[in-house]
Amino acid sequence: MCTGKCSRFLGLSLIPLSLACIVANALLLVPNGETGWTNHLSWHVWLMAGFIGGGLMVLCPGITAVRAGGKGCCGAGCCGNRCRMLRSVFSSAFGALGAIYCIAVSGAGLRTGPQCFSNGEWKYPFENSNGEYLRNDSLWSLCDNPPRVVPWNVTLFSLLVVAACLEVVLCGVQLVNAAIGVFFGDCRKKEGNPS
């Protein structure tokens, strides 16, 4: 596969993943779909790992990779698409860092658990459980309010971790692909030339 076509494919894969991270983070801001609990969100939600890290920081490399997959300023001639590929190298590294940030914060959010009303006070009842509550859903009843906050957080933080892991892989592949494109150019032939 040509570096340009590969770049376009990877970019078109990164864009929906980044949008999924943005939506997941937006949903974390409204536990159980209710806006009345925003004063008691866990600090992992407020770090906006899905919006900033897995979202915007990966959306930029996705768009850059799609653009790198197009024809460059000189077509297939002198520099081909090397300028856009070089930009995609740096952008992919930036995106990988954002996805790693998303993995770190979302993983910590999964391990700590949500902030909820438990035993008459707002606290993190699973903070010292080392993630044991993930394997034992009978512990979820410790959270009285917001309703169903534990499965809400577990589902969305898990989605963020999985999406961000895929983003790291795709950004890494695009980084290598774009570096090859910078050094060797795009393998597509000029239009109008017979094969």
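Reading the values: the criteria
- Residues numbered from 1 in each chain as written.
- Predicted model: local features only at pLDDT ≥ 70, side-chain atom pairs only at ≥ 80, totals over all residues.
- Heavy atoms only, no water.
- Axes fitted to C-alpha atoms, helices over the stretch in contact; angles between N-to-C directions.
- Helix = DSSP H or I, 4+ residues; strand = E, 2+ residues; numbered from the N terminus.
- Parallel < 35°, antiparallel > 145°, perpendicular 65-115°, else oblique.
- Left-handed = near helix turned anticlockwise from the far one by under 90°.
- Nonpolar A, V, L, I, M, F, W, Y, C, P; charged D, E, K, R; others polar.
- Core = buried A, V, L, I, M, F, W, Y, C linked by side-chain atoms within 4.5 Å.
- Buried < 20%, exposed > 50% of the residue type's maximum accessible area, 1.4 Å probe, protein only.
- Contact = heavy atoms within 4.5 Å.

Trainee: An account of the packing of helix 3 (residues 49-68) against helix 4 (residues 82-112) is needed here, citing residue identities and associated values.
Mentor: Direction vectors running N to C along helix 3 and helix 4 enclose 160 degrees, while the axes themselves pass 8 Å from each other. Taken as axis vectors, helix 3 and helix 4 run roughly antiparallel relative to one another. Of the two possible hands of crossing, helix 3 and helix 4 adopt the one that is left-handed. Partitioning the contact of helix 3 with helix 4 into residue classes produces 14 nonpolar, 10 polar and 3 charged.

Trainee: Quick rundown of the nonpolar core? Include the residues and the values.
Mentor: Most often, soluble globular proteins have nonpolar side chains that are buried together. Counting 31 residues, the largest nonpolar core has Leu28, Cys143, Val150, Phe157 and Leu160 as its most contacted members. Those elements that provide at least two residues to this core are helix 1 (3-28), helix 3, helix 4 and helix 5 (149-184). Beyond its immediate chain neighbours, meaning those up to four positions away, Leu160 contacts Cys21, Ala24, Leu28, Gly50, Cys102 and Ser106. Core analysis: the next-biggest nonpolar cluster, separate from the first, contains 5 residues, Ala68, Met85, Val89 and Ala178 among them.

Trainee: An account of the packing of helix 1 against helix 5 is needed here, citing residue identities and associated values.
Mentor: Running from N to C, helix 1 and helix 5 point in directions that differ by 160 degrees, and their axes come no closer than 9 Å. Relative to helix 5, the element helix 1 is oriented roughly antiparallel. Seen along the crossing, helix 1 lies across helix 5 with a hand that is left-handed. Of the residues in the contact of helix 1 with helix 5, the class split is 19 nonpolar, 8 polar and 1 charged.

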